[in-house]
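Now for the letters of each chain:
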Amino acid sequence: TRWAWKGGLLGSERYKAVIVSPHLDDAVFSCGGEIARLTRQGRVLVINVFTRYLGEAKRYGMVVGAQRLREDVAAARSLGFESLNLDELDAPFRHEAYRSVGKLFRPPVDDVEYLGKLRERVFSCLAGMDFERIYLPLAIGWHVDHMLVYEAFSPWATRAHCYYYEDAPYCLIPHATRYRMDELGEYQPARGDRSLSPVSEVQAWWQASAAYADTAMMRNLKPWIVRQCAVPVVGAYLYRLMAAHRRQAATVRKPHRLQPVMTLDLGELLEKKLDAMVLYESQFREFFGNREDCRASLAAYAVRAGAKASALERYWQIRHAADPTA
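About the criteria used
- Along each chain, numbering runs from 1 in the same order as the chain's sequence is written.
- Two thresholds apply to this predicted model, a pLDDT of at least 70 for residue-level local features and 80 or more for giving and counting side-chain atom pairs, whereas whole-chain, interface and lining totals are computed over all residues.
- Side-chain metrics rest on all non-hydrogen atoms present in the structure, leaving aside hydrogens and water.
- Secondary structure elements are taken from DSSP: a helix is a run of H or I of four residues or more, a strand is a run of E of two residues or more, and numbering for both begins at the N terminus.
- In this treatment the radius of gyration is a C-alpha quantity, and the globule benchmark scales as 2.2 Å times the residue count to the 0.38 power.
- Here, two residues are considered to be in contact whenever any of their heavy atoms come within 4.5 Å of each other.
- Using the Shrake-Rupley algorithm and a 1.4 Å probe, accessible areas are obtained, with residue cover drawn only from the displayed protein chains.
- His residues and chain termini do not enter the charge count, which takes Lys and Arg as positive and Asp and Glu as negative.
- For the purpose of locating charges, the reference atoms are NZ of Lys, CZ of Arg, CG of Asp and CD of Glu.
- For the exposure calls, accessible area comes from a 1.4 Å probe over protein chains only, and a residue counts as buried if that area is under 20% of its type's maximum, exposed if over 50%, partly exposed in between.
- It is the directions from the helix axis to the C-beta atoms that the arc portrays.
- We call a set of buried Ala, Val, Leu, Ile, Met, Phe, Trp, Tyr and Cys residues a nonpolar core when their side-chain atoms join them within 4.5 Å.

**Here's the deal with the overall build of the protein chain**
Here is step 1: Scanning the protein chain for helices and strands turns up 13 helices and ten strands.
Here is step 2: Relative to the 2.2 N^0.38 estimate, which gives 20 Å for 326 residues, the radius of gyration of the protein chain is 19 Å and therefore close to what a compact globule would have.
Here is step 3: In terms of its C-alpha atoms, the protein chain occupies a principal-axis envelope of roughly 55 × 50 × 45 Å.
Here is step 4: Taking as baseline every contact in the protein chain between residues at least 6 positions apart, the subset at least 24 positions apart corresponds to 81%.
Here is step 5: With an accessible surface of roughly 14300 Å², the protein chain has 56% of that area assigned to carbon and sulfur atoms.
Here is step 6: A gap of 2 Å separates the mean positions of the 44 positive and 38 negative side-chain charges of the protein chain.

Here it is, written out as structure tokens:
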């Protein structure tokens, strides 16, 4: 087993927080403001799970390889966190099925046996650490690697020290957070929160499709005719994906309640988060046209969430629905 460790002696002192990141960039994209806040109070460790690639490649516009490791080192230096890379295989290299972009966003049915091994690996790593909080992905967007990390921590789901973050950039797509949370448990949207308030199926699909069509990933498609042909194809895919998860949410038993525990108004932390995000150059340019485009996307999400903030990050805890304190 090979662990790439940067930034200190493992377990040498207490960590203020541990952030579990499916990939290099997920922690900063989703929790960059919180990381900047916490590093002022103590040590912060980011555990990157899927960081091994079989050679250099570019898949679906995404760079995979040593460049991403160098980007993470730069971002860690920028925000002041420490990194531990578990070097688990990235999904497209783990299974032939995941080399199709459509199948990357599906339940990890081909990884049922692997899930147990991953859970054992991650928990054995954490067993030697002392930390106040651990931050985990909600798996918004349903990327198979995010789903695996979420499921790996299911035995800890209701523990008081577990905080769940909204996966960015997926949470920036309208209704993506709501559709995922509908599968996970009960929750109560705050007044004025349009990011979690239900709308008609058609309206949700139309808004999500329009937002996705305007992402840098779609705008980068060249020539123009390729993009025009891709937009309806992606729209049809999103319709099927959202319909499948809507059916899943309607049939699943929901023993849990999701409680909002913190909404972080980024304020001056926004610039520190953006500074770190742009250092993940290979990924940033696929999701955002430039820094100002990213700022606008974060601001639009804050508006949909009903917050009077330039940008925000939201964190949740999971409780048993029968718990009277939930």
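**Focus on unusual backbone geometry**
Here is step 1: Cis geometry marks the peptide bond from Ala168 to Pro169, where omega comes out at 15°.
Here is step 2: Here Pro169 shows up in the loop between strand E8 (162-165) and helix H7 (176-184).
Here is step 3: Positive phi values are uncommon outside glycine, yet Asp25 reaches one of about 110°.
Here is step 4: If you trace the backbone, Asp25 turns up in the loop between strand E2 (15-21) and helix H1 (26-38).
Here is step 5: Looking at Asp25, the relative accessible area reads 5%, which means it is buried.
Here is step 6: Non-glycine residue Asp87 carries a positive phi angle of around 60°.

**A closer look at helix H11 (residues 269-277)**
Since the α-helix advances by 3.6 residues per turn, residues separated by three or four positions end up pointing in the same direction.
Here is step 1: For H11, the set of buried residues is Leu269, Leu270, Lys273, Leu274, Ala276 and Met277. For H11, the angular spread of buried residues about the axis comes to 160°, placing them on one side.
Here is step 2: Tucked inside the fold, the buried residues of H11 contact H1, helix H2 (66-79), strand E9 (256-265), helix H12 (281-287), helix H13 (291-304) and strand E10 (312-320).

**Focus on the nonpolar core**
Within soluble globular proteins, side chains that are nonpolar tend to cluster in buried spots.
Here is step 1: Of all hydrophobic cores here, the largest spans 95 residues; its most connected members are Phe81, Leu126, Ile134 and Phe153.
Here is step 2: Beyond its immediate chain neighbours, meaning those up to four positions away, Leu126 contacts Val18, Ile47, Phe131, Ile134, Phe153 and Trp156.

**A short note on helix H6 (residues 144-152)**
Here is step 1: The buried count for H6 comes to eight of nine residues, which makes it a mostly enclosed element.
Here is step 2: Within H6 the residues assigned to the buried category are Val144, Asp145, His146, Met147, Leu148, Val149, Tyr150 and Ala152.

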